[in-house]
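# Commentary on secondary and tertiary structure
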Amino acid sequence: MLVGDQLLLLTHKRPITCALLSESHLMEDKNKNGEEEEECSIDSDILASILSNLPLLDLDSACHVSKSWNRAVFFSLRRLKSTPWLFVYKQRTFSPYTLAATAYDPKSEKWIELKTASPVEHVSAARSSHSTLLYALSPAKLSFSVDAFHLSWRHVAPPRVWRIDPVVAVVGRCLMVAGGVCEFEDDRLAVELLDVESGEEAWERCESMPRCLSGSASSTWLSVAVSAETMYVTEKRSGVACCFDPETKSWTELLDFSPGDCRLYSRVIGFVGNRLLMAGVTGDEDNPTGIELWEVASTESPMKLKFESIGSMPTACLEKLRGIDSDWPLTSIVFNAVGDMVYMNNAAETGEIVAAEMEGGKLCKWRTLRYADARGHAGERLIVACSNVSFSDLKRAFRDDLRFSVMV
């Protein structure tokens, strides 16, 4: 193991008789004069360096070893990047619609069962949007959650326009709802905005979605990506795209998310930091030939975009994603991207999830995540999301009575 190797290397440079993460444990030596025994401990800088390589759950255990270890843990956090965890939620399709959660920690490469004393209940189906948002919409209310473990939910009045399958996103301080309008409403492309920090629950009508999206203005046919200031939506099939600015409450000119040298029949988008990424399925529905990924950037010409290739999914991963025993075509993929991790799964076959790591601007370290229970059962629906989990998020989850059980 990496941590073990580092500890072994350091013991050659200076005498260390203290075992890592052992509470009994600090060995004591008596001097020749029979003086009081003294603890022999790892140098604080070295200990902090070692601890920075541990998964978050192990860091929490290390906090309780001693005061010096507790200090070393918090020094190690300066070197520690927030870790993007993948979350698979199972929701009952009948009342009380409770959510059960399992998480994948890429640092420990373990699946973790999450148990809370007060499971979240909804009156309608929960959905995921732009990786980090979970929401549930009913005629009575709109519930949404953006915290790392989705333990805190806010409930607001429903949009004024009745919707079934809208695009929902949180852009900065604004909650956005676009499209997905019921047939009897006047504006099928209606957009509404709610300032979630104002303390008021007054939905504001904004400029409607562009007319070119009239045949596909729902989350089924659109992919959404959100930065701190902008929301992008694109048709998964055609690549026609546009972006919404919550400051001006209007849409920009149309864009084309179609690389000139590659024919795609489906694509999805997402943000990693301030970088807009796109994953596209090549070939056709019955015979997908690959999944390519690009970073999308603007150019001097407002209508044109620049596409830089950042990786191709290995064939073995593509086969696992599609599902060897499945007759379903690969019509669409679910794309979750946070931090330096990208996760993809088949919208029709959630059992196999593909992960890749971002290094030097490229995707590498491709792997499939084996989780036998991810397919779900009768009476359950699955939601896949992603969150950047920090140590403070973990401590907050403990305070909220969330219990973690590592799955073998």
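Rules behind the numbers
Residues numbered from 1 in each chain as written. Predicted model: local features only at pLDDT ≥ 70, side-chain atom pairs only at ≥ 80, totals over all residues. Heavy atoms only, no water. Axes fitted to C-alpha atoms, helices over the stretch in contact; angles between N-to-C directions. Helix = DSSP H or I, 4+ residues; strand = E, 2+ residues; numbered from the N terminus. Parallel < 35°, antiparallel > 145°, perpendicular 65-115°, else oblique. Left-handed = near helix turned anticlockwise from the far one by under 90°. Contact = heavy atoms within 4.5 Å. Nonpolar A, V, L, I, M, F, W, Y, C, P; charged D, E, K, R; others polar. pLDDT = per-residue confidence, 0-100. Salt bridge = Lys/Arg side-chain N within 4 Å of Asp/Glu carboxyl O. Buried < 20%, exposed > 50% of the residue type's maximum accessible area, 1.4 Å probe, protein only. Arc of directions from axis to C-beta.

### A word on the packing of helix 2 (residues 44–51) against helix 4 (residues 67–76)
Remark: helix 2 packs on helix 4, axes separated minimally by 8 Å, with the N-to-C direction vectors making an angle of 60 degrees. Taken together, the axis directions place helix 2 and helix 4 in an arrangement best described as oblique. Of the two elements, helix 2 crosses helix 4, and the hand of that crossing is right-handed. Residue-level inspection shows Leu 47, Ala 48 and Leu 51 of helix 2 in contact with helix 4, the latter providing Trp 69, Ala 72, Val 73, Phe 75 and Ser 76. Of the residues contributing to the contact of helix 2 with helix 4, the split by class is 7 nonpolar, 1 polar and no charged.

### What to know about the confidence of the model for the chain
For the chain, mean pLDDT is 82; residues scoring 70 or higher make up 83% of the total. Of the regions scoring below 50 in pLDDT, residues 1–40 engages in 47 contacts with residues more than four places distant in sequence or in other chains.

### Some points on the pattern of salt bridges
For the structure on display, the rule yields 13 salt bridges. Among the salt bridges present, the one from Arg 160 reaches Glu 192, with a minimum N-O distance of 3.9 Å. Here Arg 160 is found in the loop between strand 9 (154–156) and strand 10 (167–171), whereas its partner Glu 192 is found in strand 12 (residues 191–195), with 32 residues between them in sequence. Arg 205 is paired through a salt bridge with Asp 187; the nearest N and O atoms lie 3.5 Å apart. Note that Arg 205 is positioned in strand 13 (residues 204–206) and Asp 187 in the loop between strand 11 (174–178) and strand 12, a separation of 18 residues in sequence. Look at Arg 205 and you get partly exposed, because its relative accessible area is 40%. Here the salt bridges share partners, and the residues they tie into one network are Arg 160, Arg 163 and Glu 192.

### Digging into helix 5 (residues 315–322)
Burial in helix 5 covers these residues: Cys 317, Leu 318 and Leu 321. In an axial view of helix 5, the angular spread of the buried residues amounts to 100 degrees, which keeps them on one side of the axis. Exposed positions of helix 5 whose direction lies more than 90 degrees from the buried face are Thr 315 and Ala 316. Of the surrounding elements, those touching the buried residues of helix 5 are strand 21 (288–298), strand 23 (333–338), strand 24 (341–346), strand 25 (352–359) and strand 26 (362–370). Of the residues one or two after helix 5, Gly 323 is the one with positive phi, at around 95 degrees.

### A look at the environment of Glu 352
Tracing the backbone shows Glu 352 in strand 25. Looking at Glu 352, the relative accessible area reads 19%, which means it is buried. Along the primary structure Glu 352 and Cys 317 are separated by 35 residues, whereas in three dimensions their C-alpha atoms are 9.0 Å apart. The contacts of Glu 352, once residues within four sequence positions are left out, are Lys 320, Leu 321, Met 344, Asn 345, Thr 368 and Leu 369.

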